[in-house]
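Breakdown of the fold
Take a look at the letters that make up each chain.
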Amino acid sequence: MVRRVLVTGGAGFIGSHYVRTLLTGGYPAWADASVTVLDKLTYSGNLASLAPVEGGFTFVHGDICDAELLARVVPGHDVVVNFAAETHVDRSITGPDVFATTNVLGTHRLVRAALEAGVGVFVQVSTDEVYGSIAEGAWTEDAPVSPNSPYSAAKAGGDHMALAYARTHGLDVRLTRCGNNYGPYQYPEKIIPLFVTRLLEGRGVPLYGNGRNEREWIHVDDHCRGIQLVAERGRAGEVYHISGSHPLTNLDLTNRLLRALGKGPEMIEWVEDRKGHDLRYALDDSKLRALGFRPGTDFDEGLAATVRWYVERPDWWKPLLGGER
Ligand SMILES: NC(=O)c1ccc[n+]([C@@H]2O[C@H](COP(=O)([O-])OP(=O)(O)OC[C@H]3O[C@@H](n4cnc5c(N)ncnc54)[C@H](O)[C@@H]3O)[C@@H](O)[C@H]2O)c1
């Protein structure tokens, strides 16, 4: 029985969705679990994203690289779900050190603390970007990892560390890899909240290269339900893909956002392509579907609701706007 869950990175976009859902009965098998959130509160970590469930969890302000802190916090938990990471590819190009530190060393320290504390299940949340770029078809879980950006390389390093603890020490590590998430509470540096909030301020939207880069989109709620399914029913040492199966080029996505906000293509500011920009990601998630996974959010409805959320919640995103936008 799961009594105590440690959610690292639980104040970020996806982790906070997971915590809000868990604490409001969205995962019935774990409805009685008590929850600890450990988060460093970097620029993308925000306790305001946990305000709807304030008082329902224990919060620890700390770093997954801090072994002494982990030795105090991790014992007593049955499950660790690790969302904590540096996550923005652009930042990994200009300032990669913290990516190596948090995503590789931090994951390692956390998985080691979990082993020493006798944690039952460790879920490592990862990304399709570790595979590199694929011209056609889709990656299965046994595809070779071939990351191109410092972000994805660091995520791949953390993934390997976590899986090594499964193989070497027999720790029950389960790894999930997912495509691009959308939804409320996403830091306004990622394409959807960046473009929506800029358009709401009457500004143009910077689109990389020729806009033909293709990503698979999934609502954050579906991603989190996939993670939960793996936490409840996955197998030790296994990798699971989670896919919304909704591919879209950045240009198509931009045009949808422009239409949703009643703006025209003149708002697009074409900018020089991101260095090493992967052209296409695509995941085969039949392994998770065999466990019963089905994405539940229709993309058009989910995107419309997401745009509405940013329209209605400037109180959440306006305080986050920095000088670099
Ligand atoms: N956003 C996506 O589309 C996507 C897709 C697939 C996988 N992922 C993965 O999901 C996870 C969560 O992504 P997100 O989009 O919510 O990111 P995010 O940037 O919104 O949140 C990251 C959270 O981790 C915290 N954090 C960062 N470094 C930390 C450290 N050293 N110690 C403790 N906490 C730390 C931050 O404060 C923040 O709360 C990441 O591991 C990411 O690689 C994200």
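Scroll up a little and you will see the structure.
An account of the accompanying structure is given in this report. (Residues numbered from 1 in each chain as written. Predicted model: local features only at pLDDT ≥ 70, side-chain atom pairs only at ≥ 80, totals over all residues. Heavy atoms only, no water.)

This paragraph deals with the overall build of the chain. Helix and strand counts for the chain come out as eleven helices and twelve strands. Over its C-alpha atoms, taken along the principal directions, the chain stretches across nearly 55 × 40 × 40 Å. Looking at the 325 residues of the chain, the share that counts as buried comes to 56%. Carbon together with sulfur atoms contributes 50% to the accessible area of the chain, which is approximately 13300 Å² in total. Across the chain, the 33 positively charged side chains and the 40 negatively charged ones have centroids separated by 1 Å. (Helix = DSSP H or I, 4+ residues; strand = E, 2+ residues; numbered from the N terminus. Buried < 20%, exposed > 50% of the residue type's maximum accessible area, 1.4 Å probe, protein only. Areas by Shrake-Rupley, 256 points an atom, 1.4 Å probe, with all protein chains shown as cover. Lys, Arg positive; Asp, Glu negative; His and termini not counted. Charge placed at Lys NZ, Arg CZ, Asp CG, Glu CD.)

Structurally, the position occupied by Arg215 is in strand β9 (residues 214-219). One buried charged side chain, Arg215, makes no salt bridge at all; its nearest oppositely charged neighbour is Glu129, positioned 5.4 Å away. At 2.9 Å, the side chain of Arg215 and the backbone oxygen of Asp278 are in polar contact. Among all residues touching Arg215, those that are not within four sequence positions of it are Asn180, His246, Pro247, Leu248, Asn250, His277, Asp278, Leu279, Arg280 and Tyr281. (Salt bridge = Lys/Arg side-chain N within 4 Å of Asp/Glu carboxyl O. Polar contact = N/O pair within 3.5 Å; in protein donor to acceptor, adjacent residues only side chain to side chain. Contact = heavy atoms within 4.5 Å.)

Further remarks concern the site of the ligand. Around the ligand sit 28 residues, and of these Ile14, Asp39, Thr87, Tyr151 and Lys155 come closest. Taking Leu41, its main chain carries an N or O atom lying 3.4 Å from an oxygen atom of the ligand. Protein coverage of the free-state accessible area of the ligand, which is 830 Å², stands at 97%. Elements with a minimum of two residues in the shell around the ligand: α1 (13-23), β5 (121-127), α5 (150-169) and β7 (180-182). (Near = heavy atom within 4 Å.)

This paragraph deals with empty space enclosed by the protein. Per the counting criterion, the structure on display carries one cavity of 30 Å³ or more. In this model, the largest cavity occupies a volume close to 40 Å³. Of the residues in the lining of the largest cavity, the class split is two nonpolar, three polar and five charged. Built from parts of two domains, the lining of the largest cavity gets at least three residues from each of domain 1 (4-181 + 219-242) and domain 2 (188-215 + 247-279 + 298-321). (1 Å grid on protein atoms, 1.4 Å probe; cavity = no way out; pocket = protein on both sides within 12 Å on 5 of 7 lines; lining within 4 Å. Points joined across faces, edges and corners; volume = space filled by probe spheres on them. Nonpolar A, V, L, I, M, F, W, Y, C, P; charged D, E, K, R; others polar. Domains from an automatic or database assignment.)

Within this structure, the stated rule accounts for 18 salt bridges. Of the charged contacts in the structure, one is a salt bridge between Asp221 and Arg225, with a shortest N-O distance of 3.9 Å. Here the residue Asp221 and the residue Arg225 both occupy positions in helix α7 (residues 220-233), the gap between them amounting to four residues, near one helical turn. Residue classification places Arg225 among the partly exposed positions, given a relative accessible area of 31%. Through salt bridges that share partners, Arg91, Glu189 and Lys190 make up one connected network.

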